[in-house]
Amino acid sequence: MSQFKFSVGPWNVHSGADAYGPATRKEIDRDEKIRKFAEMGFSAIQFHDDDAVPNINDYTEEQIKEKARDLRKYLDSLNLKAEFVAPRLWMDPHTKDGGFMSTSEEDYEYAMWRAYRSIDIANELGAPMIVLWLAREGTLCAESKSPVWATKRLVSSINKMLEYDPKIKVCIESKPNEPIDRSICGTMGHVMAISAATIDPARVGGNVESAHAVLSGLDPANEMGFALAFNKLFTVHLNDQNSIRFDQDKSFGVENLRQAFNQVKVLKENGYGSHGEYVGLDVKAMRTTRDEDSYKHLQNSMDIFRMLEEKVDRFDYDFQKKCVENRDFEALEMYVMKLLMGEV
Ligand code: 3MF
Ligand code: MG
């Protein structure tokens with residue numbers, strides 16, 4: 001029995017459209033997805049602000065809160081929690097050149113409006129934090145803005161969010177590139193530095209996405225460990241990624257099983273989840289997947305996580321200790337391989 005609770009976002013079930021071709025599956029209604037997530041055993045839902053309140057630009061602040069309250073009722077009826085709300089700052093024309101780091105004052109104001117509305121929605125849904133995936137924060141043309149100015153802009157924007165609400169936590173989902181060419185906050189190291197520079201570091205932490213770590217050329221388990229060392233791993237986005245190329249969001253563990261094992265291991269060894277953290281998934285179905293299999297990648301990811309959890313439970317720490325004492329890492333490595341292949 002898994003000791004972890006899982007979360008997922010509505011965007012994890014999608015129609016299969018990509019930059020090179022149209023949809024290959026039917027769109028599924030948000031509430032139907034959420035009902036199915038509950039049935040599959042997820043405990044919480046991750047939301048973008050406009051997943052929670054579609055067409056958010058068309059409503060007043062009060063109307064937005066009212067719509068969020070309706071959604072809360074639906075979640076309650078399914079015994080689901082809301083994990084976080086993330087301002088979607090990459091679709092609207094105002095966010096063409098980023099939000100918090102936009103050089104247009106009007107577009108910056110728009111980004112802050114979305115951040116404040118995300119906090120309002122989180123409060124209505126009972127979610128403790130907002131997540132900032134800084135999609136377009138950085139440059140497409142390196143000379144178009146100063147990285148010093150942009151970094152300071154990120155800190156001051158987060159400070160405004162912390163001031164707006166005395167309880168809300170801000171969780172940065174780092175990513176080194178895509179859709180931006182050069183991002184400002186690429187890794188957990190960057191996130192920890194930004195956190196320390198804010199007015200309330202305890203409320204600013206990180207979301208490690210496995211694929212984003214790989215895109216940075218880093219090991220996802222070590223990124224998680226780094227944030228855990230500072231008590232700042234607020235959530236995770238588990239998935240997998242074949243090397244440094246486009247962001248693939250493959251099912252958890254399918255590309256690099258040992259790397260996935262070590263992610264589960266670092267989470268388990270450090271009591272992740274004991275303060276209400278969820279094991280979040282951020283996975284995409286393949287374009288070839290049929291309508292009837294629209295949720296299979298999510299089930300597979302959860303199943304793989306649980307199977308790896310069992311492997312971690314069986315991990316022989318006495319043997320590991322002996323190997324470390326003898327500096328026999330050949331034996332330790334072979335033991336891990338055998339464990340993963342079901343040979344021990
Ligand atoms: C992109 C992502 C995003 C974020 C999501 C929540 C669309 O690489 O990972 O998924 O996770 O926006 O902030
Ligand atoms: Mg993600």
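Just so we're clear, the structure is a prediction, and the values are computed from it rather than from any experiment. (Residues numbered from 1 in each chain as written. Chains lettered and ligands numbered in written order. Predicted model: local features only at pLDDT ≥ 70, side-chain atom pairs only at ≥ 80, totals over all residues. Heavy atoms only, no water.)

Draft legend 1. Seen up close, the coordination of the magnesium ion (ligand 2). Taken together, the protein donors to the magnesium ion (ligand 2) comprise E173 (OE), E209 (OE), H237 (ND1) and D282 (OD), at separations of 1.9 to 2.3 Å. Relative to the metal, the six donor atoms surrounding the magnesium ion (ligand 2) lie at angles of 79 to 169°, and the coordination shape comes out octahedral. Between consecutive donor residues of the magnesium ion (ligand 2), the sequence gaps follow E-x35-E-x27-H-x44-D. One end of the pair, H237, is in strand β9 (residues 233-238); the other, D282, is in the loop between β10 (279-281) and α10 (296-314), with 45 residues separating them in the sequence. On the basis of relative accessibility, which here comes to 1%, the residue H237 falls in the buried class. (Donors = N, O, S within 2.8 Å, 3.2 Å for Na, K, Ca; no water. Tetrahedral: all angles 85-135°; square planar, octahedral: opposite > 155°, others 65-115°. Helix = DSSP H or I, 4+ residues; strand = E, 2+ residues; numbered from the N terminus. Buried < 20%, exposed > 50% of the residue type's maximum accessible area, 1.4 Å probe, protein only.)

Draft legend 2. A look at the side chain of K311. Summarising the element assignment, K311 is placed in helix α10. Despite its burial, K311 pairs with no opposite charge; the closest candidate is E310, at 6.9 Å N-O. In contact with K311, not counting residues within four places along its chain, are F261, L339, L340 and G342. (Lys, Arg positive; Asp, Glu negative; His and termini not counted. Salt bridge = Lys/Arg side-chain N within 4 Å of Asp/Glu carboxyl O. Contact = heavy atoms within 4.5 Å.)

Draft legend 3. Here's a closer look at the site of ligand 1. What surrounds ligand 1 is a group of 13 residues, the closest being H48, E173, E209, H212 and D282. Between an oxygen atom of ligand 1 and a side-chain N or O atom of E173, the distance comes to 2.7 Å. D282 has a polar side-chain atom sitting 2.8 Å from an oxygen atom of ligand 1. In isolation ligand 1 has 340 Å² of accessible area, and contact with the protein removes 91% of it. Its residues assigned to classes, the shell around ligand 1 comprises five nonpolar, three polar and five charged. (Near = heavy atom within 4 Å. Polar contact = N/O pair within 3.5 Å; in protein donor to acceptor, adjacent residues only side chain to side chain. Areas by Shrake-Rupley, 256 points an atom, 1.4 Å probe, with all protein chains shown as cover. Nonpolar A, V, L, I, M, F, W, Y, C, P; charged D, E, K, R; others polar.)

Draft legend 4. Molecular detail of the sheet that holds β9. As summarised here, the arrangement of the eight strands in space is β1-β2-β3-β4-β6-β8-β9-β10, forming a closed barrel in which the pairing is parallel. Neighbour to neighbour, the strand axes of the sheet diverge by 30° on average, direction disregarded. Summarising the sheet, strand β4 (residues 129-133) and strand β6 (residues 169-173) pair through five bridges and their orientation is parallel. Paired with L132 across the strands is I172, a residue of β6. (Pairing = 2+ DSSP bridges. Axes fitted to C-alpha atoms, helices over the stretch in contact; angles between N-to-C directions.)

Draft legend 5. Up close: the pattern of salt bridges. Inspection of every chain in the model, using the stated rule, returns 30 salt bridges. The residue R117 makes a salt bridge to E61 at a minimum N-O spacing of 3.4 Å. Of this pair, R117 sits in helix α4 (residues 105-125) while E61 sits in helix α3 (residues 61-77), and the two are 56 residues apart along the sequence. A relative accessible area of 3% places R117 in the buried class. With relative accessibility at 41%, the residue E61 sits in the partly exposed group. The partner of K296 in a salt bridge is D293, and the shortest N-O contact between them spans 3.7 Å. Residue classification places K296 among the partly exposed residues on the basis of a relative accessible area of 48%. Look at D293 and you get buried, because its relative accessible area is 15%.

Draft legend 6. Molecular detail of the packing of helix α11 (residues 317-325) against helix α12 (residues 329-340). Orientation of α11 relative to α12, taken along the N-to-C sense of each, is 155°, at an axis distance of 8 Å. As the angle between them shows, α11 and α12 are arranged roughly antiparallel. Taking contact as the criterion, the partners of F319, Q320, C323 and V324 in α11 are, on α12, F329, A331, L332 and Y335. Taken together, the residues of the contact of α11 with α12 break down into seven nonpolar, one polar and no charged. (Parallel < 35°, antiparallel > 145°, perpendicular 65-115°, else oblique.)

Draft legend 7. The arrangement of the side chain of S251 in detail. Among the secondary structure elements, S251 is positioned in the loop between β9 and α9 (257-269). Residue classification places S251 among the buried residues on the basis of a relative accessible area of 10%. A polar atom in the side chain of S251 sits 3.4 Å from the backbone oxygen of H297. Beyond its immediate stretch of four places on either side in the chain, S251 contacts N239, D240, V283, H297 and S301.

Draft legend 8. Molecular detail of the layout of surface pockets. There is about 450 Å³ of room inside the second largest pocket. Of all the elements in the fold, those that place two or more residues in the lining of the second largest pocket are β3 (81-86) and β9. Top contributing element to the lining of the second largest pocket by residue count: β3, with three residues. Its residues assigned to classes, the lining of the second largest pocket comprises eight nonpolar, seven polar and five charged. (1 Å grid on protein atoms, 1.4 Å probe; cavity = no way out; pocket = protein on both sides within 12 Å on 5 of 7 lines; lining within 4 Å. Points joined across faces, edges and corners; volume = space filled by probe spheres on them.)

Draft legend 9. Structural view of the packing of aromatic side chains. Across all of its chains, the model carries 13 aromatic pairs by this definition. Between F37 and F42 the ring centres are 5.8 Å apart and the planes differ by 70°, which places this aromatic pair in the edge-to-face class. Overall, F37 belongs to the buried group, its relative accessible area being 0%. Where F37 meets Y295, the ring centres are 6.1 Å apart and the plane angle is 75°; that geometry is what we call edge-to-face. On the criterion of sequence distance, the pair formed by F37 in helix α1 (residues 30-40) and Y295 in the loop between β10 and α10 is long-range, its members being 258 residues apart. Summarising the burial analysis for this pair, F37 and Y295 share the class buried. One aromatic cluster in this structure is built from F261, F315, Y317, F319 and Y335. Of note, K36 hangs over the ring of Y295, and the distance from its end group to the ring centre comes to 5.5 Å. Sitting above the plane of the Y108 ring, R153 keeps its charged end 3.9 Å from the centroid. (Phe/Tyr/Trp six-rings, centres within 6.5 Å; stacked < 30°, edge-to-face > 60°. Lys NZ or Arg CZ within 6 Å of the ring centre and 35° of its normal.)

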